[in-house]
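# Chains, contacts and geometry: an overview
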Amino acid sequence: MISRRLLFSMMLPALVALSTTSASAATLKVVASFTVLADVVRQIGGDRVTVTSLVGPNGDPHEFEPSPSDAKNLNAAQVAFVSGDGLEGWMDRLISASGYKGKPVVVSEGIKFRTMEEDGQTVTDPHVWNSPVNVKVWVANIEGALAKAAPADAAAFKTNAEVYLKKLDALDAYAHSELAKIPEDHRKVLTSHDAFGYFGREYGVQFLAPVGVSTESEASAADVAKLIEQIKAEHVKTYFIENSNDPRLVRQIAKATGAEPGGELYVESLSDTKGPAPTYEKMLRYNVDQLVAAMAKAS
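About the cut-offs
Residues numbered from 1 in each chain as written. Predicted model: local features only at pLDDT ≥ 70, side-chain atom pairs only at ≥ 80, totals over all residues. Heavy atoms only, no water. Core = buried A, V, L, I, M, F, W, Y, C linked by side-chain atoms within 4.5 Å. Buried < 20%, exposed > 50% of the residue type's maximum accessible area, 1.4 Å probe, protein only. Helix = DSSP H or I, 4+ residues; strand = E, 2+ residues; numbered from the N terminus. Contact = heavy atoms within 4.5 Å. Phe/Tyr/Trp six-rings, centres within 6.5 Å; stacked < 30°, edge-to-face > 60°. Lys NZ or Arg CZ within 6 Å of the ring centre and 35° of its normal. Pairing = 2+ DSSP bridges. Axes fitted to C-alpha atoms, helices over the stretch in contact; angles between N-to-C directions.

Glancing now at the nonpolar core. Counting 70 residues, the largest nonpolar core has Phe-81, Trp-129, Trp-138, Ile-142, Phe-199 and Tyr-280 as the members making the most contacts within it. Considering each element in turn, this core owes the most residues, eight residues, to helix 10 (residues 280-298). Sequence-distant contacts of Trp-129, that is, excluding residues within four places in its chain, are made with Phe-34, Val-36, Ser-83, Leu-87, Val-135, Trp-138, Val-267, Glu-268, Tyr-280 and Met-283. Ranked by size, the runner-up nonpolar core spans 13 residues in total, among them Leu-227, Ile-231, Val-236 and Ile-253.

Take the packing of aromatic side chains next. If you walk through the whole model with that rule in mind, you get nine aromatic pairs. Between the aromatic rings of Trp-129 and Trp-138, the centroid separation amounts to 6.2 Å while the plane-to-plane angle is 40°, which identifies the pairing as tilted. Note on accessibility: Trp-129 and Trp-138 belong to one class, buried. Put simply, the rings of Phe-196, Phe-199, Tyr-203 and Phe-207 pair up and form one aromatic cluster. Across the ring face of Tyr-198, the terminal group of Arg-114 is positioned such that the distance to the ring centre comes to 5.9 Å. Against the face of Tyr-174 rests Arg-285, its NZ or CZ located 4.6 Å from the ring centre.

Position of Ala-80 relative to the elements: it lies in strand 3 (residues 79-82). On the basis of relative accessible area, Ala-80 is assigned to the buried category, the value being 0%.

Moving on to the sheet that holds strand 2 (residues 49-53). Sheet architecture is open: four strands sit in the order 2-1-3-4, paired in parallel fashion. Whereas interior strands pair on both sides, the edge strands pair on one side only; in this sheet they are strand 2 and strand 4 (105-106). With five bridges joining them, strand 1 (residues 28-32) and strand 2 adopt parallel strand pairing. Residue Leu-28 lies in a different strand from strand 2, and its bridge partner there is Val-49. Helix-sheet contacts for helix 2 (residues 35-45) involve strand 1, strand 2 and strand 3, and the interaxial angle to strand 2 is about 175°.

Structurally, Val-51 can be placed in strand 2. You can call Val-51 buried: its relative accessible area is 12%. Considering only alpha carbons, one finds Val-51 and Ala-38, 13 residues apart in sequence, at a separation of 6.4 Å. What Val-51 contacts, discounting residues up to four positions off in sequence, is Val-30, Ala-32, Ala-38, Val-41 and Arg-42.

Shown next, in the form of structure tokens:
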């Protein structure tokens, strides 16, 4: 008959192995402010993280109103990610309401920002992800933060980041090659708000919009009239609506100028899984394809 002590000593290695396996299998609970950022975090974290996006698919991160469930998700998070630079104006209130003790990781640190004048003030354009070159900075910041939170998984995060960086390089090359097919003086479109500045800077596309960098701002009648005249003078023939914003104003301007619809762009929110832009990679390719097709038709 085996004694209890001997039986325990025989079982100990198995118990230790089981404990170790359970510990390494534990996933990191992560919260990201909006869907585009959440997807990039998932690409780097892989199966070592569980990511919750506060703003859901097709949601507007400017005008988002957090709910009690968002506060609960943030409170339970081990790491929280924001893009920063004014995009998530609601985040400080949510942190206070949730009791979250950490400090969110600002993934856009290190990016060369665009600035512009709005209503006599200099503002920073927060829509950095519309250039995959900027998202490469995100990747480095995300990898570093995840590795700090889960050192045992650092090698996996590094491998995932290297794979994703190659995908971003391929995206950048694709956008350059496709948009180069359109004559530069025909790369002009009308959109709902000023969210494609980094895309335009990278690929030589001029985006005109009645509303500034935040959808919370409103266009004055004088601004709209001035924009209508500019669209006519520069022969802008195509307009796009945005998946997360009200399309009525841009459609009114298009009607006044004769601009034709080019479709829908995904600017600061992914689609749901059934839509055409459920990941950042698919979102950028979709936007490039939509823009190229519309501008080629208008040329």
